[in-house]
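Chains, contacts and geometry: an overview
As a plain string of letters, each chain reads:
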Amino acid sequence: MSTLPKPTIESVLQQTREETGLAPSELRILMTHITGFDRVNLVTKGNRELPMDQLSAFKSLAAKRQQGEPIAYLVQQKEFYSRPFFVDSRVLIPRPETEELVEHALGFLQSKSTENLLTRVLDIGCGSGAIAVSLALENPILEVTATDISADALWVAQFNANELGAKNIRFVQSDLFENLLNQTPSLAFDLICSNPPYIEQGDEHLSQGDLRFEPQQALTDGGDGLRFYREIAQHSPSLLRAGGGVLVEHGHLQQAAVKALFSKGPYVHVQGLPDLAGTPRFVFAHI
């Protein structure tokens, strides 16, 4: 009597691709997560038998991915600025273009002189902590404050700071500026940055792709998509040192509207910046 061939890493990958239609690259990411093998070992050890518990776990993840769940949530990790950030459904998945916000922020801070004072940065709506933690690690002499209205998001951000070794960062639960204004002594930052929820209520993209699974509070303001920019433009000046700046990320059709909000005093210079693809993506305003 013939026996069924034992499932190997390669045979399971091939079979699952045929059954689900998922991309081989995605299946390899899931298999790497389950087995602990890197991509090279998946190839060199592809004929190794896959234990039943790992087979079951892999099939479960593949089924969830077939239903549309984001890869980042399934493996609970997303690379950002060359570092592995823990993510789950409590936080927005960091986007590659947001790495450019970090680049712009670091460039401004490098040229900023604070006359021997600590250089301070505020990240509003930190989510997973991708921006705040990256800035803190790239420039350890910064003093970074990260806020979010969500206690769950702050837990994730704090976890990432601890795991990645960012010591120069503190977390504050706050609805925008609610717990930052009227502090004694008053807070003063050299840079305020934010990638706030900017999708307009009712936008069809909210019911498509990965966005279906991400926290809606982190995606949309429930209105015209500009609420948070109004608040940031209005309240940032009272928290900025002389010569300080505000750097925000926005949707690809919002740059003119966001620039207009920051073009009112006391901002003296407002600049729109593209991402690497040439898409209008950021606004930078000085006071």
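Structure: see above.
Rules used in this analysis
- Residues numbered from 1 in each chain as written.
- Predicted model: local features only at pLDDT ≥ 70, side-chain atom pairs only at ≥ 80, totals over all residues.
- Heavy atoms only, no water.
- Helix = DSSP H or I, 4+ residues; strand = E, 2+ residues; numbered from the N terminus.
- Buried < 20%, exposed > 50% of the residue type's maximum accessible area, 1.4 Å probe, protein only.
- Core = buried A, V, L, I, M, F, W, Y, C linked by side-chain atoms within 4.5 Å.
- Contact = heavy atoms within 4.5 Å.
- Polar contact = N/O pair within 3.5 Å; in protein donor to acceptor, adjacent residues only side chain to side chain.
- Right-handed = clockwise from strand over helix to strand, strands pointing away.
- Pairing = 2+ DSSP bridges.

Below, the discussion takes up the environment of Leu-142. Assignment of secondary structure puts Leu-142 in the loop between helix H7 (130–138) and strand E4 (143–148). We classify Leu-142 as buried; its relative accessible area is 3%. Measuring from C-alpha to C-alpha, the distance between Leu-142 and His-205 comes to 36 Å, with 63 residues separating the pair along the chain.

Among the nonpolar cores identified, the biggest contains 33 residues, and Val-121, Leu-135, Ile-169, Phe-171, Leu-191 and Leu-247 are the most heavily contacted of them. Residue assignment for this core shows that the elements contributing at least two residues are helix H6 (98–110), H7, E4, helix H8 (151–164), strand E5 (169–173), strand E6 (189–194) and strand E9 (280–286). The element contributing the most residues to this core is H7, with seven residues. Discounting residues that sit within four places of it in the chain, Leu-135 has contacts with Val-102, Ala-105, Leu-106, Val-121, Leu-142 and Cys-193. Core analysis: the next-biggest nonpolar cluster, separate from the first, contains 24 residues, Phe-189, Phe-228, Ile-232 and Val-248 among them.

Another point: the side chain of Ser-174. Assignment of secondary structure puts Ser-174 in the loop between E5 and E6. At 2.9 Å, the side chain of Ser-174 and the backbone oxygen of Leu-176 are in polar contact. In this structure the side chain of Ser-174 is engaged in a polar contact, spanning 3.0 Å, whose partner is the backbone nitrogen of Asn-179. The residues touching Ser-174, leaving out its near neighbours within four places in the chain, are Thr-147, Asp-148, Ile-149, Asn-179 and Leu-180.

Below, the discussion takes up unusual backbone geometry. Phi at Tyr-81 is positive, roughly 50 degrees, even though this residue is not glycine. Here Tyr-81 shows up in the loop between strand E1 (78–80) and strand E2 (83–85). At Leu-176, a position not held by glycine, the phi torsion is positive, near 55 degrees. Looking at the secondary structure, you find Leu-176 in the loop between E5 and E6.

A regular strand carries its side chains on alternate faces of the sheet. Here strand E3 (residues 120–124) lies mainly inside the structure; four of its five residues are buried. The handedness of the E3 to E4 crossover, carried by H7, is right-handed. Where E3 and E6 come together, four bridges link them in parallel fashion. The residue bridging Ile-124 from the neighbouring strand is Ser-194, located in E6.

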